Amino acid sequence: MSDLPPNDSPRDDETGPADSFDQFDDIVAAETERDPDLAVIEAGSRTLRTQGGPPQGDVPARPADPEVDRALREVEGELVARWPETKLDPSLRRIALLMDVLGEPQRAYPSIHITGTNGKTSTARMIEALLGAFELRTGRYTSPHVQSITERISLDGAPIDPERFIEAYQDIKPYVDLVDAKEEHRLSFFEVLTGMAYAAFADAPVDVAVVEVGMGGTWDATNVIDGAVAVVTPIDLDHTDRLGSTPAEIAVEKSGIVKQDATVILAQQPVDAAQVLLKKAVEVDATVAREGLEFGLIGRQVAVGGQLLTLRGLGGEYEEVFLPLHGEHQAHNAAVALAAVEAFFGVGAQRVEPLDIETVRKAFAAVASPGRLEVVRRSPTVVLDAAHNPAGARAAAASISEVFDFSRLIGVLGVSDGKNARGMLEAFEPIFAEVVVTRNSSDRALGADELAAIAVEVFGDDRVQVEPRLDDALEAAITLAEEEGEFAGGGVLVTGSVITVGEARLLLGRG
């Protein structure tokens, strides 16, 4: 059941201006990974087990100062002109050279390194909130962004200021140029952003960095850090053309973030993936804590605005923890985040007592994760979710059914080319009365007609509508949801890509 009745009148700040659809052609965003179904680890290794935080920054708008906005656009243009982050190069040579000429800024603070297929950003935000609640200054590096590139680098729980983002780029640009001149290929978009983040964290300075890989692990540009804690969120099939066609093959690449003598926090994994990860842990003498064995989710209750959790950590149980995010997958992410922070503080190793429960409650209650089952409008209710693979779609579909009592749900789906569109459509088919297929503004978007052909095979011709522009797709979906009548409980779910979600968020007046 939704926390507000579906016939609730929209607030001004939720609906946005009527002419917001006109901004469509100016929107630029990027793609991300999402939260999946979970399986059970059935392998063993050396294990770790003993018998409030700062508000998360929302998605920032464009700078109000025209000069700052112009300067930020120039930096964005220079970054985008580089090798795209979607291209994986199996080498750390360029980023290592950049770190060397910058004086190894990534060594100035301890790090928690996060990989996996889905749930990385939400888990990173929870870890950040917990660390901040314990009065540590944090830096968080996540990708991609929902609306603003500045979201990728956060300090103290909020996106870096545009002015500081520009300054970070200008500070390292001479060194980037130096590396570019020496190498056959220039530093990529993602490598330069990674260098900016690590330098900004050292300059702050932060007490700890929370770093999400961009893709994979071993050859990811972030992997010039030695994370004292390595976190692996659930592994599923995605980026199969680059990382492998089975969970085990993908796990080989992701296991590269597990360093000598580190502590590894493993979310529940497919058995073959778990075996790969545990084998790597043994090879580097890392200590392992596994969800469902050393820590986990004991219980959860759907609550107004989120859910109430009972978590088992490495040092004991944490009861009555409110998490203002929806879905069982987010509850599991919370268990993983808590274990990661416990491991960082030495719970289960140097100390046996659990973390302070009131501080943990305060931290989780402050967590936000924009674009993850986020309600951005009422009457009818419009929900955004950045699911971009079948596992994420299944988790989103299950959560929608659990949290909202829609009598008629209309889907708006825009995906990137190369993604498993059929798998996503099949996951959503049981909950969508109709689907409006569209495309976002990215050059990598799958064409609306091509997506429609797949959708017709899954839904049938009478349940599929095609709207090539996202603004038209949103209007069409809202109209279809309103056909139920003012008090009937129709809703809209916008999904398929963070690009799609970011653009829809702006069109609907958020940001």
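Residues numbered from 1 in each chain as written. Predicted model: local features only at pLDDT ≥ 70, side-chain atom pairs only at ≥ 80, totals over all residues. Heavy atoms only, no water.

**Details of the overall build of the chain**
Here is the rule we go by: Numbering of helices and strands runs from the N terminus, with a helix taken as a DSSP run of H or I at least four residues long and a strand as a DSSP run of E at least two residues long. Relative accessible area decides the class of each residue, using a 1.4 Å probe on protein chains only: under 20% of the type maximum gives buried, over 50% gives exposed, and in between gives partly exposed. Accessible areas in this description were obtained via Shrake-Rupley with a 1.4 Å probe; residue shielding takes into account the shown protein chains only.
Counting its secondary structure elements, the chain contains 16 helices and 17 strands. Looking at the chain as a whole, 61% of its 511 residues qualify as buried. Summed over all atoms, the accessible surface of the chain reaches about 18,700 Å², with 48% contributed by carbon and sulfur.

**Digging into the environment of Thr121**
Position of Thr121 among the secondary structure elements: in helix α4 (residues 120-133). Judged by its relative accessible area of 7%, Thr121 is buried. A C-alpha to C-alpha distance of 9.0 Å links Thr121 and Pro144, two positions 23 residues apart in sequence.

**Let's talk about the pairing of strand β12 (residues 374-377)**
Short version of the rule: Strands are labelled as partners when DSSP assigns at least two bridges between them.
Bridging between β12 and strand β13 (residues 381-384) involves three bridges; their strand directions are antiparallel. Across the sheet, residue Val375 finds its bridge partner in β13, namely Val383. In this structure, the hairpin formed by β12 and β13 is closed by a connection of three residues, where Ser379 is found at a positive phi of approximately 55°.

**Comments concerning unusual backbone geometry**
Here the bond from Ala204 into Pro205 is cis, since omega is -15°, no more than 30 degrees from zero. Pro380 follows Ser379 through a cis peptide bond whose omega is 0°. With respect to the helices and strands, Pro380 occurs in the loop between β12 and β13. Here the phi dihedral of Asp156 falls at roughly 55°; this positive angle occurs in a residue that is not glycine. Tracing the backbone shows Asp156 in the loop between β3 (153-155) and β4 (158-159). One non-glycine residue, Glu320, lies in positive phi territory at about 55°. Among the secondary structure elements, Glu320 is positioned in strand β11 (residues 317-323).

**Section: the sheet that holds β4**
Note the cut-off: Here, residues are in contact when the closest pair of their heavy atoms is within 4.5 Å. Axes here refer to lines fitted to C-alpha atoms; in helices the fit is confined to the stretch in contact. Angles between the N-to-C directions go from 0 to 180 degrees.
Across the sheet, which stays open at both edges, the eight strands sit in the order β4-β3-β2-β5-β1-β6-β7-β8 with mixed pairing between neighbours. Each edge of the open sheet carries a strand with a single partner, namely β4 and β8 (287-290). As paired elements, strand β2 (residues 138-141) and β3 share three bridges and run antiparallel to each other. Across the sheet, residue Gly139 finds its bridge partner in β3, namely Leu155. Taken strand by strand, helix α6 (residues 189-203) contacts β2, β3 and β5 (208-212), and its axis lies near 175° from that of β2.

**Observations regarding the pairing of β11**
As paired strands, strand β10 (residues 306-312) and β11 are joined by five bridges and run antiparallel to one another. Pairing of Leu311 across the sheet is with Tyr318, part of β11. Linkage of β10 to β11, two consecutive antiparallel strands, is achieved through a turn of four residues, within which Gly316 is found at a positive phi near 145°.

**So, empty space enclosed by the protein**
We apply this condition: We place a 1 Å grid over just the protein atoms. Points where a 1.4 Å probe fits but has no way out form a cavity, open points with protein on both sides within 12 Å along at least 5 of 7 lines form a pocket, and any residue with an atom within 4 Å of a point lines it. Grid points are joined across faces, edges and corners, and a volume is the space filled by probe spheres set on the points. When residues are grouped by polarity, Ala, Val, Leu, Ile, Met, Phe, Trp, Tyr, Cys and Pro land in nonpolar, Asp, Glu, Lys and Arg in charged, and all others, Gly among them, in polar.
Counted as a void, the largest cavity has a volume near 100 Å³. As for the largest cavity, its lining consists of 13 residues, and the residues nearest its centre are Thr121, Pro144, Val146, Glu151 and Arg372. Residues belonging to the lining of the largest cavity are distributed by class as follows: four nonpolar, four polar and five charged.

**Quick look at the confidence of the model for the chain**
As a reminder, the rule being used: Scored between 0 and 100, pLDDT is the confidence that the predictor attaches to each residue.
With 85% of its residues at a pLDDT of at least 70, the chain reaches an overall mean of 86. Low pLDDT (under 50) marks residues 1-57, which in the prediction has 208 contacts with non-local residues, meaning those over four places away or in another chain.

**Topic: the side chain of Ser188**
Note on placement: Ser188 falls in the loop between α5 (162-182) and α6. For Ser188, a relative accessible area of 8% gives the class buried. Not counting chain neighbours up to four residues away, the residues in contact with Ser188 comprise Arg82 and Trp83.

**Concerning the environment of Glu358**
Its location among the elements puts Glu358 in helix α11 (residues 357-365). Given the relative accessible area of 47%, Glu358 is considered partly exposed. With 225 residues separating them along the chain, Glu358 and Ala133 place their C-alpha atoms 9.9 Å apart.

**Structural notes on the pattern of salt bridges**
Basically, it comes down to this: When a carboxyl oxygen of Asp or Glu lies within 4 Å of a side-chain nitrogen of Lys or Arg, that pair is called a salt bridge.
Scanning all chains against the criterion turns up 26 salt bridges. Its salt-bridge partner being Arg505, residue Glu374 comes within 2.8 Å of it at the nearest N-O pair. With a gap of 131 residues between them, Glu374 in strand β12 and Arg505 in helix α16 (residues 498-507) connect regions that are remote in the sequence. A relative accessible area of 12% places Glu374 in the buried class.

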